[in-house]
Amino acid sequence: MANFMQQAVDEAVQGVQKGDGGPFGALVVKDGQIIASGHNMVLITKDPTAHAEVTAIRMACAKLGTFDLKGCVLYTSCHPCPMCMGASLWARLDAVYYAATPEQAANVGFDDKAFYDYINSPNKNEEMCRLEHVEIDQYLKPFELWSSLESKTPY
């Protein structure tokens, strides 16, 4: 376990040295083998979703040809932000192991507490991102179509 964590931290260091993004690295491991690794690529790609965990998950899914990473674990250099934790849950990873704590990340300017607070109570902080339900005619049509499909792949 320590070896994989060290590799995730090394990936983060390489990303910082390249100037690609923040100090985060991650790898996906299956059956004791590294399937994919990635570091934060936000600055280089201009993509706010290009976090280390998401990058590694995307690469692992592409390599394995699946959206379901059951049987895999994620090693990440820092506690996942809400988006990365969500991606880990949707990928059905067996476990997420992290090194740096949220408090340690906050000490250098990466404080996810406001995002977690927003998720818990989105209407208390509309300055961050307004969230509002808007009903229009036929707004449930995509769900009705999906529900009626006989050959759908649930995920």
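Counting restarts for each chain: residues are numbered from 1 in the order of the written sequence. The predicted origin of the model limits local features to residues at a pLDDT of at least 70 and limits the giving and counting of side-chain atom pairs to 80 or more, whereas totals for whole chains, interfaces and linings rest on all residues. Computation of side-chain values covers all heavy atoms of the structure but excludes hydrogens and water.

### So, the pairing of strand S2 (residues 33-39)
Threshold: Here a strand pair is declared whenever DSSP counts at least two bridges between the two strands. Counting from the N terminus, the helices are DSSP H or I runs at least four residues long and the strands are E runs at least two residues long.
Judged from the six bridges that link them, strand S1 (residues 25-30) and S2 form a sheet pairing that is antiparallel. If you follow Val28 over to S2, its bridge partner there is Ala36. Connecting the antiparallel pair S1 and S2 is a turn made up of two residues, with Asp31 showing a positive phi of about 50°.

### A closer look at the packing of aromatic side chains
Put simply, the rule is: Stacked, tilted and edge-to-face are the three classes assigned to paired rings of Phe, Tyr and Trp, where Trp is represented by its six-membered ring and a pair needs centres within 6.5 Å; plane angles under 30 degrees give stacked, over 60 edge-to-face, the rest tilted. For the exposure calls, accessible area comes from a 1.4 Å probe over protein chains only, and a residue counts as buried if that area is under 20% of its type's maximum, exposed if over 50%, partly exposed in between. Geometrically, a lysine NZ or arginine CZ counts as sitting over a ring once it is within 6 Å of the ring centre and also within 35 degrees of the ring normal.
In the structure shown here, the tally under the stated rule is six aromatic pairs. Where Phe67 meets Tyr155, the ring centres are 5.9 Å apart and the plane angle is 65°; that geometry is what we call edge-to-face. Taken together, the residues span a long stretch of sequence, with Phe67 in the loop between helix H3 (52-64) and strand S3 (72-78) and Tyr155 in the segment after helix H7 (141-148) at a distance of 88 residues. What makes Phe67 partly exposed here is its relative accessible area of 43%. Here the aromatic cluster, defined as three or more aromatic residues joined through ring pairs, consists of Phe67, Trp90, Trp146 and Tyr155. The lysine or arginine in question, Lys152, covers the ring of Trp146, its NZ or CZ lying 6.0 Å from the ring centre.

### Examining a nonpolar patch on the surface
Operational definition: Exposure above 30% relative accessible area and no salt bridge define the residues that can form patches, which grow by joining like charges within 9 Å and nonpolar side chains of Val, Leu, Ile, Met, Phe, Trp and Tyr within 5 Å. Per-residue and other accessible areas were derived by the Shrake-Rupley procedure at a 1.4 Å probe size, with only the shown protein chains allowed to occlude residues. The working definition used for a salt bridge is a side-chain nitrogen of Lys or Arg within 4 Å of a carboxyl oxygen of Asp or Glu.
The grouping of Phe67, Trp90, Trp146, Leu149 and Tyr155 at the surface amounts to a nonpolar patch, some 600 Å² of accessible area in total. With respect to the helices and strands, Leu149 occurs in the segment after H7.

### Points about the nonpolar core
Cut-off, in case you're wondering: To qualify as a nonpolar core, a set must consist of buried Ala, Val, Leu, Ile, Met, Phe, Trp, Tyr and Cys residues joined through side-chain atoms within 4.5 Å. Throughout, a contact is declared for two residues whenever any of their heavy atoms are within 4.5 Å.
Counting residues in hydrophobic clusters, the biggest one holds 17 residues, and the most contacted among them are Val28, Ile57, Ala60, Leu69 and Leu93. Here this core takes five residues from H3, the largest share from any one element. When sequence neighbours within four positions are dropped, the list of residues in contact with Leu69 reads Ile57, Ala60, Cys61, Leu64, Ala91, Arg92 and Leu93.

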